[in-house]
Amino acid sequence: MEKEIFEKEIAMCKKLSKKNGGQCNWGECEKCGVIPLLHKLFYGKVYEKIDETKELKRTTLQ
């Protein structure tokens, strides 16, 4: 995945999460797998543990 696409997708997640109080058209950010998937595609790292994904989402959506 190209850096530009990764950054646009993360920015969209942040914007929608803030605008809609932790939700977007796909569902609740807390239950969503988009951010871990984007990190997997861009960085090649897989986040499997619940604590890791929660922390990743929290830091990404700030």
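Structure: see above.
Notes on the structure follow. All of these numbers come straight from a predicted model, not from anything done at the bench.

A word on the packing of aromatic side chains
Thought 1: If you walk through the whole model with that rule in mind, you get 3 aromatic pairs.
Thought 2: Ring centres of Phe 6 and Tyr 43 lie 5.5 Å apart, and the angle between their planes is 80°; this geometry places the pair in the edge-to-face category. Note that Phe 6 is positioned in helix 1 (residues 3–19) and Tyr 43 in helix 2 (residues 34–43), a separation of 37 residues in sequence.
Thought 3: In this structure Tyr 43 comes out as exposed when scored by relative accessible area, which is 53%.
Thought 4: An angle of 80° between the planes, with centres 4.8 Å apart, marks the rings of Phe 42 and Tyr 43 as edge-to-face.

Describing the state of the cysteines
Thought 1: Taken as a whole, this structure holds 0 disulfides when the rule is applied.
Thought 2: The thiol sulfur of Cys 24 is not disulfide-bonded, and the nearest other cysteine sulfur, from Cys 29, lies at 5.7 Å.
Thought 3: Residue class for Cys 29 comes out buried when judged on its relative accessible area of 14%.

Let's talk about the environment of Cys 24
Thought 1: If you trace the backbone, Cys 24 turns up in strand 1 (residues 23–24).
Thought 2: Sequence-wise, Cys 24 and Ile 35 are 11 residues apart; in three dimensions their C-alpha atoms are separated by 13 Å.

Structural notes on helix 1
Thought 1: When the terminal C-alpha atoms of helix 1 are compared, their 24 Å separation across 17 residues agrees well with the 24 Å that a helix rising 1.5 Å per residue should span.
Thought 2: Buried within helix 1 are the following residues: Phe 6, Ile 10, Cys 13 and Ser 17. For helix 1, the angular spread of the buried residues around the axis is 55°, confining them to a single face. Across from the buried face of helix 1, at angles greater than 90 degrees, the exposed residues are Glu 4, Lys 8, Lys 15, Lys 18 and Lys 19.
Thought 3: Residues of helix 1 that are buried sit in contact with strand 1, helix 2 and helix 3 (50–60).
Thought 4: In the segment just after helix 1, Gly 21 is the residue with positive phi, at about 65°.

What counts and how
Residues numbered from 1 in each chain as written. Predicted model: local features only at pLDDT ≥ 70, side-chain atom pairs only at ≥ 80, totals over all residues. Heavy atoms only, no water. Phe/Tyr/Trp six-rings, centres within 6.5 Å; stacked < 30°, edge-to-face > 60°. Helix = DSSP H or I, 4+ residues; strand = E, 2+ residues; numbered from the N terminus. Buried < 20%, exposed > 50% of the residue type's maximum accessible area, 1.4 Å probe, protein only. Disulfide = S-S within 2.5 Å. Expected span 1.5 Å × (residues − 1). Arc of directions from axis to C-beta. Contact = heavy atoms within 4.5 Å.

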